[in-house]
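Observations on chain architecture
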Amino acid sequence: MALSWNEIKHRAAQFSKEWDGEQSEDAEAKSFWDGFFNIFGISRRRVATFEHLVHKLEGKQGFIDLLWKGTILIEHKSKGKDLDRAYQQAKDYFPGLKNSELPKYILVSDFERFRLFDLDTDERHDFLLKELVDKVHLFDFIAGYQKRSYKDQDPVNIEAAEMMGRLHDSLKAIGYAGHRLERYLVRLLFCLFADDTTIFEKGIFYDFIDQRTAEDGSDLARSLAELFEVLNTPNEERMRNLDEQLAAFPYVNGKLFEEHLPIASFDATMRQTLLDCCALDWGKISPAIFGSLFQSVMDEKARRNLGAHYTSERNIMKLIKPLFLDALWAEYEGVKNSKGKLQTFHKKLSALRFLDPACGCGNFLIIAYREVRLLELEILKTLLFKHGKLREEVAADARIDVGTLLRCDVDKFYGIEYEEFPAQIAQVAMWLIDHQMNMAASEAFGEYYVRLPLRKSAMIVQGNALRIEWQSLLQRDLRDLWNGEKEDAELRYDYILGNPPFVGSKMMTEENRADIEVIFNGVKGAGTLDYVAGWYGLAGKYLAANTTTKVGFVSTNSIVQGEQVSILWGQLLRHLDLQIHFAHQTFQWTNEARGVAAVHCIIVGFGQPMGGTKRLFLYEDIRKEPVEIAASNINAYLVEGREVLIASRQKPLCDVPELSFGNMPLDGGHLLLSDEEKIEFALKEPNATKFIRPLISAREFLNGQKRWCLWLDSITPVELKTMPLVMERIQAVKSFRGRSIRIQTKNKAETPALFGEIRSFGDIAVVIPRVSSENRQYIPMGFFGKESIVGDTCMALPNASLYHFGILTSKMHMAWVKYVGGRLKSDYRYSKDIIYNNFPWPENPTEKNKQAVEAAAQAVLDARAAFPGSSLADLYDPLTMPPLLAKAHAALDRAVDVCYRPQPFPNDAKRMELLFELYERFTGGMFATEKTKKKR
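Rules of the game
Residues numbered from 1 in each chain as written. Predicted model: local features only at pLDDT ≥ 70, side-chain atom pairs only at ≥ 80, totals over all residues. Heavy atoms only, no water. pLDDT = per-residue confidence, 0-100. Helix = DSSP H or I, 4+ residues; strand = E, 2+ residues; numbered from the N terminus. Contact = heavy atoms within 4.5 Å. Phe/Tyr/Trp six-rings, centres within 6.5 Å; stacked < 30°, edge-to-face > 60°. Buried < 20%, exposed > 50% of the residue type's maximum accessible area, 1.4 Å probe, protein only. Pairing = 2+ DSSP bridges. Axes fitted to C-alpha atoms, helices over the stretch in contact; angles between N-to-C directions. Polar contact = N/O pair within 3.5 Å; in protein donor to acceptor, adjacent residues only side chain to side chain.

So, the confidence of the model for the protein
- Confidence along the protein averages 87 in pLDDT terms, with 89% of residues attaining 70 or more.
- Mean pLDDT across the elements of the protein bottoms out in helix H38 (residues 928-935) (38) and peaks in strand E7 (residues 354-356) (98).
- pLDDT under 50 marks residues 299-309. Its contacts with residues more than four places away, or in other chains, come to 20 contacts.
- Of the regions scoring below 50 in pLDDT, residues 592-596 engages in 18 contacts with residues more than four places distant in sequence or in other chains.

Dropping the structure here:
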């Protein structure tokens, strides 16, 4: 049992007095260090050895004065000796130590002086013996207390996950797999953490493996099985003659070690891997490690199917701060000067319930619980202390009973997870973060407190969250009655939060589709929704019945772009009358697993309508931190503005030319030619030359390459029969279409000489690639004449003018594309029915305004022409865009903006505000679906 800091400081003061004036290294050094460890309630004999033998690089033997393997190396000298030399002597021993034995700290001393080196942080601390009582916190790693720091991509976190992943792979390779392997790893994970954080006496799990099992690993599995049995047995029920080393382990409970597991099997390498795991300082590992661990032991296919993307702590905080944490801290600030109000607030805080209905390994629950406990700690400090000292009424008591002060516990946290292994990890992780926070409370109040045996736990249910009634977790949770609450108490979640699976609509399984159909039964277009929409739909229904609950989810940005918006948010905002309270616009998602997923995310917090301003987080650079603004309303596109939902539209909203898809070959590639193939084909079949036309496809258009096609709409049978190579290609097209399972494609086999879909675009058209890189500020567009064939990877605007071209290549139109259009991965996906047909063109531009746009548009084309050797991809790459072209586009942007209003727009968010206003005015209503039906 760890000592309180009060007791540790008392012992440190006594130690300093006892050893004041000692000088002789040989005579008293061992007694000195035995006494030093006793300050922390640790028996030196159990954790560390004197005169540890090592072999140095030069082959000579050396003896370390004192070594606690994996923790600290101590070199002691007589009073007045050179401590720099002592430190170097300590470093010289390192080559003779195993990796698992390498210390994290070096301490050198001559009785009077101490010098402590933290090898992880490169920090050095010098102090005198008489100052030990004030410096004793530097040795929190001995006492079992550990200061925490939580950082994304912390190497310690990643190293731990990788090691556990290797251990998992080794056990699975020998046939120890499935449920038993998952349960086994969770137990090991608990033991590793407990060994470094005072749940166990520090280091006893490492010592148990290192000292009790053979180096070849042959008896390790049996020893672990025996240990698991001991951990599941209350002290009073254990055998009286139980081995002393096993008896030192506490009773854990919580059913973690209850299930009987088959005995595994280890070899020397696997045993060493486990020792290496022990050598890591698990006390320093963030709770987020459990998510990383989960991902490290699942294969890539499983991760994709289950949506097991892990969210970093930084991104979790982006959600929980505006969802509840900022408001709770603000409430604390408002009541902290009133004892009665603060006590009432404390009671409220401890009663809050949290649900993550896609909890994975519990990362959102872990961080949310940690932050609640940190706030509780601040409340208790305010109640107990004044100006850094105990209040008089508190100081009158002999000691502070930490256990009676703490009211927040893990039993108010709930989760649903599809897979068994992460559900188990989440269960254990909540106990571990609870222990970390108990240690923080112990340090703050000077009294050691640990919740062992485990009596309360988070409720983590394994199952399909889209088929489980979320309220049922509360209804089946009888723990509230045990805590003295009335049976008729109204139980609800105060906050629902998490990171539901990222599965696109086209990637969903039949089971996924069935889930969505049940939730959105009868909703037109629900088949296009991504899987994550199911969580939004169920959350919306829960909010309709529980009006005080608030929800916050991390999602891919697909649900606030394109055709999904009007379908999903039409249900939430119109039919259920909900409101978005806060939102993060698109940002790049980061994680702590082996590979950082390239996903663009949004965060949305929503609930019943609320007064006051909403919080909107804008990202000028999706890789950097956001700027927060206060918004009167946040619409479904995560833009400040009125509730506008944009559905597919068959015709343009304004009086402009109709956009069309390009020509679809549907030929298996047999009517298409590269530049090299075209030259070779013309030599072999010269009569075909007049039927070879330039093909405008997106890739070649953007990258300055040439592509060609056989355009045979005007060829006669007589001409065709004189060209056997053309006939071969036509026959190949016929065979390709005939093999298709699509009826429409089979029918096209009757006209194999023609493209599958043919469209005419007049004498001149603006060509728009259907997909363009997200890195470009503008989608490159261009003019083409009737001699060119526009392929189906592009769209064409026939009879377009410079004015049309100028508007479409402006920042104003690009803002509409970014916020309203869908994405292919993260690239812009230009669409006719959502983007172009719904775009609000300038309402009444003057002839002068239009001429200014045309002149600026021509200047853009001229600037491009000034670089004949550069492709559009080069010209519109942000890193290589010529200043001349950038300047021309800036002038065009200004000319287009003036067509909408005289005042300049400071950013795209303001452009979107105006565009949504225009859209609403042009359609005559808030919801495009209603307007479209009325028009028809």
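Side note on the packing of aromatic side chains
- As enumerated under the stated definition, the model contains 55 aromatic pairs in all.
- With a centroid separation of 4.9 Å and an interplanar angle of 90°, the aromatic rings of Phe32 and Trp33 are classed as edge-to-face. One exposure class covers both Phe32 and Trp33, and it is buried.
- Taking 5.7 Å as the distance between ring centres and 40° as the angle between the ring planes, the aromatic pair formed by Tyr493 and Tyr542 counts as tilted.

So, the sheet that holds strand E4 (residues 105-109)
- Spatially, six strands are ordered E1-E2-E3-E4-E5-E6 in an open sheet, and the strand pairing comes out mixed. Edge positions in the open sheet fall to strand E1 (49-55) and strand E6 (123-128), since each of these has one partner strand only. Put simply, the sheet's adjacent strands are angled 30° from each other on average, direction ignored.
- Pairing analysis gives three bridges linking strand E2 (residues 61-68) to strand E3 (residues 72-76), with the strands arranged antiparallel. Bridging from a neighbouring strand, Trp68 pairs with Ile72 of E3.
- Of the strands in this sheet, E3, E4, strand E5 (113-118) and E6 touch helix H4 (residues 83-92), which is tilted by about 140° from E4.

Here's the deal with the environment of Gln471
- Relative to the helices and strands, Gln471 resides in the loop between strand E11 (459-462) and helix H21 (472-475).
- On the accessibility criterion, Gln471 (14% relative accessible area) is buried.
- For the pair Gln471 and Tyr542, spaced 71 residues apart in the sequence, the C-alpha separation amounts to 8.3 Å.
- For Gln471, the contacting residues outside a window of four places in its chain are Leu491, Arg492, Tyr493, Tyr542 and Asn546.
- Within the structure, the side chain of Gln471 is placed 2.6 Å from the backbone oxygen of Leu491, a separation counted as a polar contact.

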